[in-house]
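Breakdown of the fold
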Amino acid sequence: MLEDQSLVICLNDQYSDEQNRIVEIETRKVKKAQIPFYKIIKFLTIFEEENIYSDMITMIKCRIENIIDNEMIEPESIDLFLKLVQEEKVEINSVHYWDLYKLSEIFRVKSLEIELERYAKEHSEDLDFIIRLFNEREKRTKKTSEKIQQLIDKCSINIEEILQQKFNECLKNDNFSNLPISTIYRIIEGSDKEKIDHDLLLEFINQSIEERCPLFTFIKLSKLSDDKFKSLYDD
């Protein structure tokens, strides 16, 4: 699959009445009414004149500003999220995936969670998506890493196996270099050594030789092209 393949989503496509919070209103001499919360906000405009409405807007603004400051979520991802909440159709790809996933959890947007799980299943062999997901799991806190692993398990994605099978492609992916060197070392260990492009591996090591020098363990001189062999000794 091509990198950064996109998917057009709309929250209405996965929205159901079961996701509505039902408010029960029962008073003396009046029959009990069960009204979805969003309809109360939509039709009873009295809330616009009360502190409840302004407090809600203030809370949302503060939460978003706090997210940008502390959650390392890109403003562009916030823009996409707000468009989705406005029921617009939005094109998403692996670049914004994890930001949107975090926002769906923070604001408890069930229909967005469903769409993002669908994206993960459909892109379970998309190398760029997998590497970004793996990066997020490796660098986040234990709690967040566990959430990512739950998503990986739910979508039946065997990340390390896919990266081992597509190791030569990984070497050409900019995001692969963001993985910890210990993780890259482990991936190479599990790869088919006979299929490794040693010229590519040498180029990858040379891009950050101080950090990646442990990977020289896997370089076989006999597998290098003449030019790469010569450059190795010239350097």
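Preceding this section is the structure that the text describes.
First things first, this report covers the structure right here in the doc. Everything numeric in this text was worked out from a predicted model, so none of it was measured.

Digging into the overall build of the protein chain
- Scanning the protein chain from terminus to terminus reveals 13 helices and four strands.
- Taken across its 235 residues, the protein chain has 37% of its residues classed as buried.
- Taking as baseline every contact in the protein chain between residues at least 6 positions apart, the subset at least 24 positions apart corresponds to 64%.
- When the accessible surface of the protein chain is split by element, carbon and sulfur atoms take 47% of a total near 14,900 Å².

Details of a nonpolar patch on the surface
- On the surface, Tyr-53, Ile-57, Met-59 and Ile-60 cluster together to form a nonpolar patch covering roughly 300 Å² of accessible area.
- Within the secondary structure layout, Ile-57 lies in helix 2 (residues 51–70).

Things to note about the side chain of Glu-113
- Of note, Glu-113 is situated in helix 5 (residues 110–122).
- Setting aside chain neighbours within four positions, we find Glu-113 in contact with Ser-104 and Glu-105.

Focus on the pairing of strand 3 (residues 30–36)
- Pairing geometry for strand 2 (residues 22–27) and strand 3, over five bridges, is antiparallel. Bridged to Thr-27 within strand 3 is Val-30.
- Hairpin connection between strand 2 and strand 3: a loop of two residues separates the two successive antiparallel strands, and Lys-29 in this loop has a positive phi of roughly 70°.

Some thoughts on the environment of Ile-68
- Residue position: Ile-68 is located in helix 2.
- Taking C-alpha positions, Ile-68 is 8.4 Å from Ile-78, a pair spaced 10 residues apart along the chain.
- With residues up to four places along the chain from it excluded, the contact list for Ile-68 reads Ile-73 and Ile-78.

Observations regarding the packing of aromatic side chains
- Here the structure, examined in full by the defined rule, presents nine aromatic pairs.
- With a centroid separation of 4.9 Å and an interplanar angle of 85°, the aromatic rings of Tyr-97 and Phe-129 are classed as edge-to-face. Note that Tyr-97 is positioned in helix 4 (residues 94–106) and Phe-129 in helix 6 (residues 127–139), a separation of 32 residues in sequence.
- The class of Tyr-97 is buried, set by a relative accessible area of 1%.
- Taken together, a centroid distance of 5.4 Å and an interplanar angle of 75° make the contact between Tyr-119 and Phe-129 edge-to-face. Note that Tyr-119 is positioned in helix 5 and Phe-129 in helix 6, a separation of 10 residues in sequence.
- The class for Tyr-119 is buried, based on a relative accessible area of 0%.

Some remarks on the side chain of Lys-166
- For Lys-166, the position within the fold is in the loop between helix 8 (159–165) and helix 9 (167–171).
- Glu-125 provides the closest opposite charge to the buried, salt-bridge-free Lys-166, at an N-O distance of 4.5 Å.
- For Lys-166, the side chain forms a polar contact with the main-chain oxygen of Glu-125, separated by 3.0 Å.
- Discounting residues that sit within four places of it in the chain, Lys-166 has contacts with Glu-125 and Leu-127.

A short note on helix 11 (residues 198–207)
- Among the 10 residues of helix 11, seven are classified as buried, and the element is accordingly described as predominantly covered.
- Within helix 11 the residues assigned to the buried category are His-198, Asp-199, Leu-200, Leu-201, Leu-202, Phe-204 and Ile-205.
- The backbone nitrogen of Asp-199 has a side-chain oxygen 3.1 Å away, supplied by the residue at the start of helix 11, namely Asp-197.

What about unusual backbone geometry?
- A positive phi angle is found at Glu-87, which is not glycine, with a value near 70°.
- With respect to the helices and strands, Glu-87 occurs in the loop between helix 3 (75–85) and strand 4 (90–92).
- Phi is positive for Arg-108, close to 55°, though the residue is something other than glycine.
- Within the fold, Arg-108 resides in the loop between helix 4 and helix 5.
- On the basis of relative accessible area, Arg-108 is assigned to the exposed category, the value being 74%.

As for the nonpolar core
- Residues Tyr-97, Leu-163, Phe-176 and Leu-201 are the most contacted members of the largest nonpolar core, which totals 50 residues.
- At six residues, the largest contribution of residues to this core is made by helix 6.

Details of the pattern of salt bridges
- Summed over all chains, the structure comprises eight salt bridges.
- Residues Arg-132 and Asp-128 are paired through a salt bridge, measuring 2.9 Å at the closest nitrogen-oxygen approach. Here Asp-128 and Arg-132 lie together in helix 6, a separation of four residues that amounts to about one turn.
- For Arg-132, a relative accessible area of 24% corresponds to the partly exposed category.

What counts and how
- Residues numbered from 1 in each chain as written.
- Predicted model: local features only at pLDDT ≥ 70, side-chain atom pairs only at ≥ 80, totals over all residues.
- Heavy atoms only, no water.
- Helix = DSSP H or I, 4+ residues; strand = E, 2+ residues; numbered from the N terminus.
- Buried < 20%, exposed > 50% of the residue type's maximum accessible area, 1.4 Å probe, protein only.
- Contact = heavy atoms within 4.5 Å.
- Areas by Shrake-Rupley, 256 points an atom, 1.4 Å probe, with all protein chains shown as cover.
- Patch = residues over 30% accessible without salt bridge, like charges linked within 9 Å, V, L, I, M, F, W, Y side chains within 5 Å.
- Salt bridge = Lys/Arg side-chain N within 4 Å of Asp/Glu carboxyl O.
- Pairing = 2+ DSSP bridges.
- Phe/Tyr/Trp six-rings, centres within 6.5 Å; stacked < 30°, edge-to-face > 60°.
- Lys, Arg positive; Asp, Glu negative; His and termini not counted.
- Polar contact = N/O pair within 3.5 Å; in protein donor to acceptor, adjacent residues only side chain to side chain.
- Core = buried A, V, L, I, M, F, W, Y, C linked by side-chain atoms within 4.5 Å.

No statement about biological role is implied by the geometric values presented.
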